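Next come the chains, spelled out residue by residue.
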Amino acid sequence: MPQISSPITQFFNCRILKNHQLVEDYLYVQDGKIIDPEKMFWDAKRKPDIRIDCKGGIVSPGYIDVQINGAYGYDFSNDTDMIEEAVSNISKGLLLQGCTAYCPTTVSSRPEVYHKVLKHLGPREGSIQNGAAILGAHVEGPFISPQKKGAHELATLRTAKNGLADFEECYGLENLRRYVAYVTVAPEVEGVLDAIPKLIETTGINISSGHSNATTAQSSQALKKGANMITHLFNAMHAFHQRDPGIIGLLGSSDSETRPFYGIICDGIHVHPHSVMIAYYAHPKGACLVTDAMSAQCLPDGYYKLGEMDVDVTSGHVYIKGTSTIAGSIITMAECVRNFIKFTGASKVEALENATLHPAQMLGIEHKKGSLVHGADADVLILDDSLHVQRVFVAGVEATKESVKFSEKI
């Protein structure tokens, strides 16, 4: 709870994203939280101690990226011997981009990798010292389809024929409980469908369907059992067909309340802009912009790692070395937001909520992240009318290049 004597910050001369619209109003922050100004004025009889002129800009919650494999030369799956260094530098770099919270993502790996790195990818608060908040890891694989493995190493993939015991052996159930936000699985892989409700009940994690050749019927079963998310829609999944649209078909469910959230990569490479528009018009409330960025994000072209795979980065394209298989992106969340408007003609409010509110809702944390409701964390962006990030605040404190120092791994 805010302390009565703690300084109060007022954001003024701004349009605030709240209640699904941009509203000319003030925003008040105390002790790292959004506060109710009525209580400040009438109960505490306080005025703001610090006033921040937003110069007519847009005030938005900080961006949330629920799928990012690495950045600035670091990779969460490969840099296991320097994982704390990787987490620290990526978190700080992302914060300065305007991404104030994220899910560090691991690609399909051997059990020893999960047992080593997951404890370093668990939830931690965002701050000037920590960088962007970590919401828990996104564990992508290895219970995925060999036919839709994408840039995942075939030798690491496995089934769940022994049910929950296979997830315990692979990740450790306690690791899932303490450090993981969600896991991507393929519903059609042996044992996975039956394990979904048990995983949710036992660990409390979220489940996403992805890297999958599942039919629409199998995908619907997974959704009914609790898989409330689709990992990078259109990529590494059963292609849309009029008689069996696969996982993609879930967006066409007649019951809009049971449609899943879906990640979508708006780099213009992973998904054609027309496909982005089709998905969004089918299910606008489920869209979650993700970068799926890898270690070369914000670095020059060259050769990098994605897990154990060698990848080639050239002119914004990322491929497994020597192949035409896409292996992540190098786009930032801020660029995804602007691209989304360009691809779909959506409003600024719609684009911003796809990078803030919707991912928070997917994880069930919208009371704390992804919105500017009273009591939420004061992770705040000031944007210009073109949605370029002008200023970043984490827990109510401004993050600048002078206050947040990080290094790249070249």
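Because the structure is a prediction, the values reported are computed rather than measured. (Residues numbered from 1 in each chain as written. Predicted model: local features only at pLDDT ≥ 70, side-chain atom pairs only at ≥ 80, totals over all residues. Heavy atoms only, no water.)

Undergrad: If you had to explain the overall build of the chain to someone new, which residues and values would you point to?
TA: Regarding its fold elements, the chain presents 11 helices and 22 strands. Against the globule reference of 22 Å for 410 residues, the chain gives a C-alpha radius of gyration of 21 Å, in line with a compact fold. Overall, the chain is about 65 × 50 × 40 Å in size when its C-alpha atoms are taken along their principal axes. When burial is assessed residue by residue, the chain has 57% of its 410 residues classed as buried. (Helix = DSSP H or I, 4+ residues; strand = E, 2+ residues; numbered from the N terminus. Rg over C-alpha atoms; globule rule 2.2 N^0.38 Å. Buried < 20%, exposed > 50% of the residue type's maximum accessible area, 1.4 Å probe, protein only.)

Undergrad: Describe the pattern of salt bridges, and please don't skip the residues or the numbers.
TA: Summed over the entire model, instances satisfying the criterion amount to 17 salt bridges. For arginine 158, the salt bridge identified is with aspartate 166, shortest N-O distance 3.8 Å. The partner of glutamate 398 in a salt bridge is arginine 391, with the nearest N and O atoms 2.7 Å apart. With relative accessibility at 27%, the residue arginine 391 sits in the partly exposed group. (Salt bridge = Lys/Arg side-chain N within 4 Å of Asp/Glu carboxyl O.)

Undergrad: Lay out the side chain of aspartate 377 with the relevant residues and their values.
TA: Structurally, the position occupied by aspartate 377 is in the loop between helix H11 (357-363) and strand S20 (380-383). By relative accessible area, aspartate 377 is classed as buried at 7%. When sequence neighbours within four positions are dropped, the list of residues in contact with aspartate 377 reads Gly32, Lys33, Ile34, Glu125, Lys368 and Lys369. (Contact = heavy atoms within 4.5 Å.)

Undergrad: Describe the nonpolar core, naming the residues involved and giving the relevant values.
TA: Counting residues in hydrophobic clusters, the biggest one holds 88 residues, and the most contacted among them are Tyr102 and Tyr171. Sequence-distant contacts of tyrosine 102, that is, excluding residues within four places in its chain, are made with Asp65, Ile68, Phe76, Val87, Ile90, Ser91, Leu94, Ala132, Ala133, Ile134, Leu135 and Gly136. In terms of nonpolar packing, the next biggest core, distinct from the first, is built from 17 residues, Ala133, Tyr182, Met229 and Leu363 among them. (Core = buried A, V, L, I, M, F, W, Y, C linked by side-chain atoms within 4.5 Å.)

Undergrad: So what about the environment of leucine 387? Which residues, and what values?
TA: Summarising the element assignment, leucine 387 is placed in the loop between S20 and strand S21 (389-394). Along the backbone, leucine 387 and glutamate 335 are 52 residues apart, and their C-alpha atoms lie at a distance of 9.0 Å. For leucine 387, the contacting residues outside a window of four places in its chain are Ile58, Tyr63, Val337, Arg338, Ile341, Lys348 and Leu352.

Undergrad: Which residues make up the sheet that holds strand S17 (residues 302-306), and what values go with them?
TA: Across the sheet, which stays open at both edges, the three strands sit in the order S17-S18-S19 with antiparallel pairing between neighbours. Whereas interior strands pair on both sides, the edge strands pair on one side only; in this sheet they are S17 and strand S19 (317-320). Sheet twist, expressed as the mean angle between neighbouring strand axes with direction ignored, is 35 degrees. Judged from the five bridges that link them, S17 and strand S18 (residues 309-314) form a sheet pairing that is antiparallel. Bridge pairing in S18 links tyrosine 304 to valine 311. (Pairing = 2+ DSSP bridges. Axes fitted to C-alpha atoms, helices over the stretch in contact; angles between N-to-C directions.)

Undergrad: Give me helix H9 (residues 333-344): which residues, what numbers.
TA: For H9, spanning 12 residues, the distance from its first C-alpha to its last is 16 Å, which sits close to the expected 16 Å at 1.5 Å a residue. All buried positions along H9 are accounted for by Met333, Ala334, Cys336, Val337, Asn339, Phe340, Phe343 and Thr344. (Expected span 1.5 Å × (residues − 1).)

Undergrad: For helix H6 (residues 192-203), give the residues involved together with the corresponding values.
TA: Spanning 12 residues, H6 covers 15 Å between terminal C-alpha atoms, matching the ideal 16 Å at 1.5 Å per step. Those residues of H6 lying buried are Val192, Leu193, Ala195, Ile196, Leu199 and Thr203. Buried residues of H6, viewed axially, fall in a sector of 140 degrees; they line one side. Structural note: H6 exposes Asp194 and Glu201 on the side pointing more than 90 degrees away from its buried face. Looking at the buried side of H6, the elements it contacts are helix H4 (164-170), helix H5 (173-179), strand S12 (180-185), strand S13 (206-209), helix H7 (216-224) and strand S14 (227-230). Taken from the residues just after H6, glycine 204 is the one with a positive phi, measuring 80 degrees. (Arc of directions from axis to C-beta.)

Undergrad: Residue-level account of the environment of isoleucine 16, with values.
TA: Structurally, isoleucine 16 can be placed in strand S1 (residues 8-18). You can call isoleucine 16 buried: its relative accessible area is 1%. Between the C-alpha atom of isoleucine 16 and that of histidine 120, which follows or precedes it by 104 residues, the distance is 35 Å. Not counting residues within four places of it along the chain, the set of residues in contact with isoleucine 16 comprises Gln21, Leu22, Val23, Asp25, Tyr26, Leu27, Val59 and Leu372.

Undergrad: So what about the packing of aromatic side chains? Which residues, and what values?
TA: Taken as a whole, this structure holds 10 aromatic pairs when the rule is applied. Aromatic side chains phenylalanine 143 and phenylalanine 167 sit 4.1 Å apart centroid to centroid with 25 degrees between the ring planes, which places their arrangement in the stacked category. Here phenylalanine 143, found in the loop between strand S11 (137-140) and H4, pairs with phenylalanine 167, found in helix H4; they are 24 residues apart in sequence, far enough to count as distant. Of the two residues examined, phenylalanine 143 and phenylalanine 167, each falls in the buried class. Between tyrosine 280 and phenylalanine 340, the ring centres sit 4.8 Å apart and the planes meet at 85 degrees, which makes this aromatic pair edge-to-face. Taken as a pair, tyrosine 280 in helix H8 (residues 273-282) and phenylalanine 340 in helix H9 lie far apart in primary sequence, 60 residues in all. Each member of the pair, tyrosine 280 as well as phenylalanine 340, carries the same accessibility label: buried. An aromatic cluster is built from Tyr114, Phe143, Phe167 and Tyr171, whose rings are joined through pairwise contacts. Sitting over the ring of phenylalanine 12, arginine 51 keeps its end group 3.9 Å from the ring centre. Residue placement shows lysine 321 over the ring face of tyrosine 303; its charged tip is 4.5 Å from the ring centre. (Phe/Tyr/Trp six-rings, centres within 6.5 Å; stacked < 30°, edge-to-face > 60°. Lys NZ or Arg CZ within 6 Å of the ring centre and 35° of its normal.)

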